[in-house]
Amino acid sequence: MTILAETYTLSNGVLIPKLGFGTWFIDDERAAQAVREAIEAGYRNIDTAQAYGNERGVGEGVRTSGVARDELFVSTKLAAEIKDYEGAVAAIDRSLETLGLDYIDLMLIHSPQPWDDFRGGDYSEGNRAAWRALEEAYRGGTLRAIGVSNFQNADIDSILEGSTVAPHANQLLVHVGNTPDELLAYAAEHDILVQAYSPFGHGAILKNDELTEMADRYGVSVPQLALRYTIQLGTVPLPKTENPEHMRSNAALDFVLSDEDMASLRGLHIRDYGDDSVFPVYSGK
């Protein structure tokens, strides 16, 4: 069985494939083709967000893939700027309409703060209001699971204080060189699955000599090593590519990293994102 056929089980019993397909920076007009090619390559877990501006194309790719809807797991995210109940209700409906789907498998609050105030002020009340809208859609059946993204442990504590449904997932920046151990431990303790976005560190890790040497020992590429690492952490990596050959290569993960190598990789710090540091999630905040 390949990694594409393996799944985790969310705390509510919903199955989610262990390897996902990310779509950040894939333009809307190209998203449908990229999603179709990913699904043809065997991917069944497709991730997007309102902020990506490509929900329409992603939904088209899902609908025209030739694979039954119930065999696919589709995630999207509530825009980080929406911190009120009414706005969240409208945005959930808008995502369903834009995607052209009857239900969404997982919907997340994209960030605990708006992007222009990332890691800034206290938006706990607004997050709880938005969460209430997600809970209602979850109970109504249009969302099969709900969660958060970029949330620190204290942010989740705040959600849990007033919630009737605990987050099923937290999507975080996780890659070789950036392993947020405290967040991972908290998630495991609370039965929250972690999804690892930017598993290649937005390219920051691909030319690292230490990773290249280790990948050569296993006879794999650095991207394959990086993805295997995040999977052995117990997370769902979400690599993004529009290249079908890379899609297939990213899924060729039929090797296991030794405990010694996992410990070595876990201790690495590679966080020089260069020009991409302009994005809040890579800013070091």
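Anyway, here's the lowdown on the structure attached to this text. Just so you know, these numbers come straight off a predicted model, no measurement behind them. (Residues numbered from 1 in each chain as written. Predicted model: local features only at pLDDT ≥ 70, side-chain atom pairs only at ≥ 80, totals over all residues. Heavy atoms only, no water.)

Some points on the sheet that holds strand β5 (residues 73-78)
Moving on, step 1. Judged by pairing direction, the sheet is parallel, and its 8 strands sit side by side in the order β3-β4-β5-β6-β7-β8-β9-β10 without closing on themselves. Edge strands, defined here as strands with exactly one partner in the open sheet, are β3 (21-22) and β10 (236-238). (Pairing = 2+ DSSP bridges. Helix = DSSP H or I, 4+ residues; strand = E, 2+ residues; numbered from the N terminus.)

Quick notes on the pairing of strand β9 (residues 193-197)
Moving on, step 1. With 5 of 5 residues buried, β9 is to be regarded as a mostly interior element.
Moving on, step 2. The two faces of β9 match: Leu 193, Gln 195 and Tyr 197 on one face and Val 194 and Ala 196 on the other face are all buried.
Moving on, step 3. A crossover links strand β8 (residues 169-173) with its parallel partner β9, the connecting element being helix α6 (residues 181-189), and its sense is right-handed.
Moving on, step 4. Bridging between β9 and β10 involves 3 bridges; their strand directions are parallel. Counted as the bridge partner of Gln 195 is Val 236 from β10. (Buried < 20%, exposed > 50% of the residue type's maximum accessible area, 1.4 Å probe, protein only. Right-handed = clockwise from strand over helix to strand, strands pointing away.)

A short note on the nonpolar core
Moving on, step 1. Counting residues in each nonpolar core, the largest one holds 85 residues, and the members touching the most others are Phe 21 and Leu 211.
Moving on, step 2. Apart from residues lying up to four places away in sequence, Leu 211 is in contact with Val 176, Ile 205, Val 222, Leu 225, Leu 265, Leu 268 and Ile 270.
Moving on, step 3. Ranked by size, the runner-up nonpolar core spans 6 residues in total, among them Phe 118, Leu 173, Val 281 and Tyr 282. (Core = buried A, V, L, I, M, F, W, Y, C linked by side-chain atoms within 4.5 Å. Contact = heavy atoms within 4.5 Å.)

Here we look at unusual backbone geometry
Moving on, step 1. The residue Phe 25 is not glycine, and still its phi comes out positive at about 75 degrees.
Moving on, step 2. Here Phe 25 shows up in the loop between β3 and α1 (28-40).
Moving on, step 3. Positive phi, normally seen in glycine, also occurs at Asn 150, with a value near 65 degrees.
Moving on, step 4. Turning to its location among the elements, Asn 150 is positioned in the loop between β7 (146-149) and α5 (153-162).
Moving on, step 5. We classify Asn 150 as buried; its relative accessible area is 5%.

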